[in-house]
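Examining the three-dimensional arrangement
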Amino acid sequence: MGWYGIPFMAVMLFAVAPALSWRQHRIRRSIDLSATNPLIPDNKLPTDLVPVKYALQLEIDADQLAFHGNVNITMACTKRTNQINLHAHHDLHVDEENIEILEYTEADNGKVNTLKIRRVDRVPKKPLLVIYFHDDLTVGATYEARISFKGMIWENTEGLFQGKYKSQDGDQQQQDHSYFASYFRPNHARRVFPCFDEPSFKVPFQVTIVRPKHLKTLFNTDVMSSENLPQDKVADHFQTTGPISTFALGFVMSDLVEIVSDHEGTVESGNPVIKIWARKDFHEQIKDVKLKIQTVLDRLVKVWNASFPLDKLDIVALPNFSSVKPADNWGLVVFRESDLQNGYYSIAQELVYQWLGTWISPHWWSDAHVNKAVAGFLAAATTIDIDNGVEFEGKWPMTILYSIYYEFSKRYPHSRITAIKQETTCSKTELVLRMLNLTLGAETFQKGLQKFIEHREYKTFVSNDIWEALTKQAHLDGKLCETATINEIADSWVTKDRIPMVTVSRDYQKRTATITQRVYLRERPHDVPEQDKMLWWVPLVVVQQNNLNFTNTSATKWMKKVKQVTLDNLTNSDEFIIVNPEEIGPFPVNYDERNWNLLASYLLNEAGRAKIPVYTRAKLLHDAWNLAYAGHLSFATAFNMTLFMQYERNHLVWNPVFTLIDHIGRHIDMSAVHKKFEIYVRTLLTPLYEELAQNQHDGEEKWRTNLRSLAKTFLCRAGYKPCIEEAQKVFKKWMDSPDPDLGNPVANQYICPVFKSGTQEEWDFGLQRVINFPESRVKSERTYLLKTLAGCPVQASKINRLLNITVLEDNGNFTDNDINLIFKMLSGGSSGYMALFDFLQKNWDAIKLRFKDRELLWNNLINSATGLFTTQEGYDMVSKLYVQRQGEFGTAQHIIEKSLKNIKEETKWSQENLPIIEKWLDNFLSQHKSSDDRFIR
């Protein structure tokens, strides 16, 4: 939650939305770990019979939104069995009465027998179709199951779905269009036809799809022939696919039109025919996509040292595609329209899957996160190779890294939510791949990946196959000692829900350093079970002041899952060392106080600062503050590391600062130190913002715009007069409008400053707009207004008025969701949660009566009103309430007890750190006189 009330992440989203676009695309990959993870414990189909090939015929009934067809599955019998097990979703109707099973035996000169079926079962609560026989099937014989089926087409993107859109063609009226498409990842093929719906079963598909004559069907392969059918229908017979998993099968049936591009050409080392399909009135917006596709493919061909494994590649911009993930069908990649309007990254990550994901597939869902991590790393590396990091604005991998540091340092990472765990583990694996690429060397790493896919065409892999290939190449190139393996290294990182913290303690006389590792824990208390047993393979890359060479990323020494090692022959006692420069490995580094101070002094010098690369400057700052926050470093030392920020103008170094300001500010929000901290922050931010504002110009880099916006947002929260006056001027136009409920002409960035520092009249006007909000307007506008009405003010009078109206008066214009949102926003700063606590205390009986049958509201109220205090004073207040209302908390009893426990920990933090912070701030402010003229008191 935010230093100035409104949640900090909301501030970030509105301030730097364009900069986050690439990060948002990260989660839109075809491998959806939230979908694959629940499948890991699933029982696999028996391998008594394995598929050899499919012959599938499918027909869409557009009028009835239904489909029907038949599938012939050729199977080989590998073990004695009297049954065939297939996947078939319970929504899929299977014609069980007319299933045919044919047996082909070489012993009888290829005689074909029709087997008698004993019975057919649909397994309850499981998507299984089981066909039983009177006698056992013959090992070595070939069988063919002929099954008819039918089902319905849905709007959600699971199995087969329908989409609709409108198009504008010149001066003509808008035209309505429909399309039909498939989405079989990860296990939705069973919704459409009975099959072996597991990734390890990779066989060819011979497919025929019947379509209305006015539509065109795109499939994994090209059309081999077409035949006209009655009722204006056409049957397209497609070329047989290579061996693929069921999830890689896909089609799109639509009237989309191919884009004729000026950029025609072929891809180096391969020659797929690339076609881009989109609605006609969208062609202009993505006219350069084909060139992007060709550029990315060219790079990936070189990465894999293998030609694109298909003769054709269809790219579809699907209108109103509701899935947040592209569909990376084999040779047919379906994107949302907006995804193709961005840079290279979203394209690259899907094209990587054409090699690793469909051509070579994970053997089971437990290997999906490594597949996704490799795709993410290669997509990022490819994008940077193409545009030199312009699309990422230099933020890869720092944005991932900071989130990993934060998540894995919690007492309970991922909040014990499995889906989040899979995503964060995947992100950490991506960073481990980056670490290996840097420490082994890019050439060795790339050759290792090439070795991995060699001779694995159309086959499957497990995670260890990747690590083993990298190990062999590293040994061959002499980049890893023969007794070590990448499997061991990767396993030490990927299998733990933690990351290490490395501590460097120098002996300045002996010119040595003792390096230790331990679990990095940021949240208190640091009581994680078995933390002493957790050890990692940690690469120690060292840069010394007497030789500032940041291009050598090879490890000076590896910590081979040991707690302690020694570094020898270090630089002189008056010079610093840096371990893990450029965030080579995903771990923070702590130093002895003297080394920190040597670094702080060096960074204050402009010439010296220029010799330390941006990522390393950002890392030093980020590590120092987070280590201090966690209790591993004195805040005086951490604050010393911020002194160079007075002169720093690179956005990558500034980005973590805003989060750090928020975290520290929240902790000291109730104390007298907060005002001094606010002045310190204003001292840092004011010259930054005013310089960026003065040099603003058209066509400037996005990062400048984003950094200026973020600095301005924080200054506005701090009462920066030019910002408040500008906001009030814009807000007055809304207040003076004849019908203010028709729309909100005020940009979001101006609303919070007005509600915080503006008049009661302005705040009341905003409240009235929420109450009178018309049904016809976009609901998110009302939500944002309500968030800022609650989260921005610091005046208790405004907060109490809002609580009286919504809770005590039970105003019908506010739903329970609205009230929950208000509670959440008030927990963002001490003004909010103290006002909420006072409100609860004074109106206990009335609130209890109001929330008698609204347990969720009651629980959230107790949590927001009692859980955020950080001082002894706050602990005493909550403890007194707990005693006074003993036995009256009901369902929130565990919440108030948890609050008291947490406040006690936060109080310890405050008692340990506030005196140190205050002493440092007093010294800083005595040397840096700050004028308050530009700020509202």
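Going by what an unreviewed UniProt entry lists, the protein chain is known as Aminopeptidase and is assigned to Aedes albopictus. As recorded by UniProt, the Subcellular location (unreviewed entry) comment attached to the protein chain reads in full: "Cell membrane".

Helix and strand counts for the protein chain come out as 29 helices and 31 strands. The C-alpha radius of gyration of the protein chain comes to 31 Å, within 12% of the 30 Å expected for a compact globule of 937 residues. Once the C-alpha set of the protein chain is aligned to its principal axes, its extents read approximately 100 × 75 × 65 Å. Taking all 937 residues of the protein chain together, 59% fall into the buried category. Accessible surface, the protein chain as shown: approximately 38700 Å² in total, 47% of it carbon and sulfur.

Spatially, β17-β18-β19-β21-β20 is the arrangement adopted by the five strands of the open sheet, whose pairing is mixed. The open sheet terminates on both sides in strands that have one partner only, identified here as β17 (257-258) and β20 (327-329). Note that β17 and strand β18 (residues 273-278) share two bridges and pair antiparallel. Within β18, the residue paired with Val 257 across the bridge is Ala 278. Each of β19 (312-318), β20 and β21 (332-336) touches helix α5 (residues 345-355); the most contacted strand, β21, lies at about 155° to it.

Per the UniProt record, "domain: ERAP1-like C-terminal" (unreviewed entry) is found at residues 576-904. As a span, residues 576-904 carries 69% helix and 2% strand, and end to end its C-alpha atoms are 38 Å apart.

Between helix α19 (residues 721-735) and helix α20 (residues 748-757), the least distance of the axes is 8 Å, while the angle of their chain directions is 105°. The angle between the axes of α19 and α20 places the two elements in the roughly perpendicular class. Residues Cys 723, Ile 724, Glu 726, Ala 727, Gln 728, Val 730 and Phe 731 of α19 form the contact with α20, whose own contacting residues are Tyr 750, Pro 753, Val 754, Phe 755 and Ser 757. The residue makeup of the contact of α19 with α20, split by class, is nine nonpolar, two polar and one charged.

A few words on the packing of aromatic side chains. Here the distance between the centres and the angle between the planes together describe a pair of aromatic rings. The final tally for this structure, using the stated rule, is 48 aromatic pairs. Relative to Phe 851, the ring of Phe 823 lies with its centre 6.4 Å away and its plane at 65°, an arrangement referred to as edge-to-face. One end of the pair, Phe 823, is in helix α24 (residues 816-826); the other, Phe 851, is in the loop between α26 (844-850) and α27 (855-866), with 28 residues separating them in the sequence. A relative accessible area of 1% places Phe 823 in the buried class.

Here we come to the sheet that holds strand β25 (residues 512-519). Read from one edge to the other, the open sheet built from four strands follows the order β29-β25-β24-β31, with strand pairing classed as mixed. Looking along the sheet, the strands with just one partner apiece sit at the ends: β29 (564-567) and β31 (589-591). With direction set aside, neighbouring strand axes in the sheet form an average angle of 25°. Bridge count between β25 and β29: four bridges; the pairing is antiparallel. Its bridge partner being in β29, Thr 516 is matched across the sheet by Gln 564. This element, helix α12 (residues 593-604), spans β24 (500-507) and β31 of the sheet and lies at about 100° to β31.

On to the pattern of salt bridges, then. Counted under the stated rule, the structure contains 45 salt bridges. Note that Asp 281 and Arg 279 form a salt bridge whose closest N and O atoms lie 2.9 Å from each other. Three or more residues joined by partner-sharing salt bridges are found here, namely Arg 279, Asp 281 and Glu 337.

Linking two cysteines covalently via their sulfur atoms produces the bond known as a disulfide. The full count for this structure, using the stated rule, is two disulfides. One disulfide bridge connects Cys 716 with Cys 723, the sulfur atoms lying 1.5 Å from each other. Here the disulfide of Cys 716 and Cys 723 is right-handed, its torsion about the S-S bond being about 90°. Its relative accessible area of 3% is what places Cys 716 among the buried residues. At a sulfur-sulfur separation of 1.9 Å, the disulfide partner of Cys 752 is Cys 792. Around the S-S axis, the bridge from Cys 752 to Cys 792 shows a dihedral of about -115° and counts as left-handed. Of this pair, Cys 752 sits in helix α20 while Cys 792 sits in the loop between α22 (779-791) and α23 (796-808), and the two are 40 residues apart along the sequence. Cys 752 gets classed as buried once you look at its relative accessible area, which sits at 1%. Given a relative accessible area of 0%, Cys 792 falls into the buried group. The connectivity of the disulfide-linked cysteines in the protein chain, indexed sequentially, is 1-2, 3-4.

About the criteria used
Residues numbered from 1 in each chain as written. Predicted model: local features only at pLDDT ≥ 70, side-chain atom pairs only at ≥ 80, totals over all residues. Heavy atoms only, no water. UniProt positions renumbered as here; feature names shortened; annotations may be inferred. Helix = DSSP H or I, 4+ residues; strand = E, 2+ residues; numbered from the N terminus. Rg over C-alpha atoms; globule rule 2.2 N^0.38 Å. Buried < 20%, exposed > 50% of the residue type's maximum accessible area, 1.4 Å probe, protein only. Areas by Shrake-Rupley, 256 points an atom, 1.4 Å probe, with all protein chains shown as cover. Pairing = 2+ DSSP bridges. Contact = heavy atoms within 4.5 Å. Axes fitted to C-alpha atoms, helices over the stretch in contact; angles between N-to-C directions. Parallel < 35°, antiparallel > 145°, perpendicular 65-115°, else oblique. Nonpolar A, V, L, I, M, F, W, Y, C, P; charged D, E, K, R; others polar. Phe/Tyr/Trp six-rings, centres within 6.5 Å; stacked < 30°, edge-to-face > 60°. Salt bridge = Lys/Arg side-chain N within 4 Å of Asp/Glu carboxyl O. Disulfide = S-S within 2.5 Å.

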